[in-house]
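# Descriptive structure summary
Chain by chain, the residues run as shown.
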Amino acid sequence: MSMPFYVSPEQQMKDKADYARKGIARGRSVVVLQYDDGILFVADNPSRALHKISEIYDRMAFAAVGKYNEFENLRQAGVRYADVNGYMYDRRDVTARGLANAYATTLGTVFTEMNKPYEVELVVAELGEDAASDQIYRLTFDGSVADEHGYVAMGGQADQVAAALQEHFEEGLSLARALRLGVRALERQDADRHLEAEQLEVAVLDRNRTHRMFRRLPPARIRTLLEEADAGNAPAESASEPGDAS
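Residues numbered from 1 in each chain as written. Predicted model: local features only at pLDDT ≥ 70, side-chain atom pairs only at ≥ 80, totals over all residues. Heavy atoms only, no water.

Under an unreviewed UniProt entry, the protein chain has the name Proteasome subunit alpha and belongs to Actinoallomurus spadix. According to its UniProt record, the protein chain has this under Subcellular location (unreviewed entry): "Cytoplasm". (UniProt positions renumbered as here; feature names shortened; annotations may be inferred.)

Let us look at the sheet that holds strand β6 (residues 135–139). Taken together, five strands build an open sheet; the order of strands is β3-β4-β5-β6-β7 and the sheet is antiparallel. Sheet topology places β3 (53–57) and β7 (145–148) at the edges, where each strand pairs with a single neighbour. Neighbouring strand axes in the sheet, compared pairwise and without regard to direction, differ in orientation by 25 degrees on average. Note: β3 against strand β4 (residues 60–66), four bridges, orientation antiparallel. Residue pairing across strands places Tyr57 opposite Met60, the latter belonging to β4. Sitting on the sheet, helix α3 (residues 96–113) is in contact with β3, β4, β5 (120–126), β6 and β7, with an inclination near 5 degrees to β6. (Pairing = 2+ DSSP bridges. Helix = DSSP H or I, 4+ residues; strand = E, 2+ residues; numbered from the N terminus. Axes fitted to C-alpha atoms, helices over the stretch in contact; angles between N-to-C directions. Contact = heavy atoms within 4.5 Å.)

Turning our eyes to something else, we now look at the packing of aromatic side chains. For the coordinates displayed, the defined rule picks out four aromatic pairs. Judged by centre distance (6.0 Å) and plane angle (55 degrees), the rings of Phe62 and Tyr103 are tilted. Of this pair, Phe62 sits in strand β4 while Tyr103 sits in helix α3, and the two are 41 residues apart along the sequence. Residue classification places Phe62 among the buried positions, given a relative accessible area of 1%. Relative accessible area serves as the criterion here: at 3%, Tyr103 is assigned to the buried category. Over the ring of Phe111 we find Lys16, and its NZ or CZ is 6.0 Å from the ring centre. (Phe/Tyr/Trp six-rings, centres within 6.5 Å; stacked < 30°, edge-to-face > 60°. Buried < 20%, exposed > 50% of the residue type's maximum accessible area, 1.4 Å probe, protein only. Lys NZ or Arg CZ within 6 Å of the ring centre and 35° of its normal.)

Soluble globular proteins tend to bury their nonpolar side chains together. In this structure, Leu40, Val42 and Leu179 are the most contacted members of the largest nonpolar core, which totals 29 residues. Mapped onto this core, the elements with two or more residues apiece are β1 (30–35), β2 (38–44), α4 (158–168), α5 (175–187), β9 (200–206) and α6 (219–231). For this core, the element with the highest residue contribution is α5, accounting for eight residues. When sequence neighbours within four positions are dropped, the list of residues in contact with Val42 reads Val30, Val31, Ile53, Leu179, Val183, Leu186, Leu200, Glu201 and Val202. If you look at the next biggest cluster of nonpolar residues, it comprises 24 residues, including Ile24, Ala43, Val65 and Met213. (Core = buried A, V, L, I, M, F, W, Y, C linked by side-chain atoms within 4.5 Å.)

Structural data, given as structure tokens:
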């Protein structure tokens, strides 16, 4: 008679964590950076249909890496959470902190109770009245939450990308300079990689806009901003320019 196979709880948790980390690392990175007029999101993502960056609510946005179907389910749940709470209470009661706590509960429950953890990592960001009051929360596959400031890199070769951001990030970057920094950091994933505007998904939460702060930047705008940064005379640009896509 064969003995039942036993795996300790500690080993189960370790195996789940290793599984999730490997799945997340297989993808391409996303970076989130504060700039002088808001929060910038840049993804190494040539798809025009499968977004890694999305609007959640008036002043809130979401970025994710990992398995698309899993983080898309979480995004949809986040939109519903924001809509319901904004309708039942007040729009000002919908906060990134509240949504991050809800996501942490979901991710933690899946990680501990299900056989397969979610292979996702998320950022939930909320635009404040100024850079000091911006909120950026990073959530990992097990429901852990970190309150970030300045910049975040996740997915793919995140350590290399984060090292590039740490080396060159400074407070008060213009949009053009922040975008150039984000793209160069993403290019660190491969030695010879050069990302064109069409290979990037870029969006901002822009403090100069009213009501809905989220704005996607089309390839033409991305290209113009990168050229300004490369020319060395990039002014502090607002993302709300003619030709931007919503």
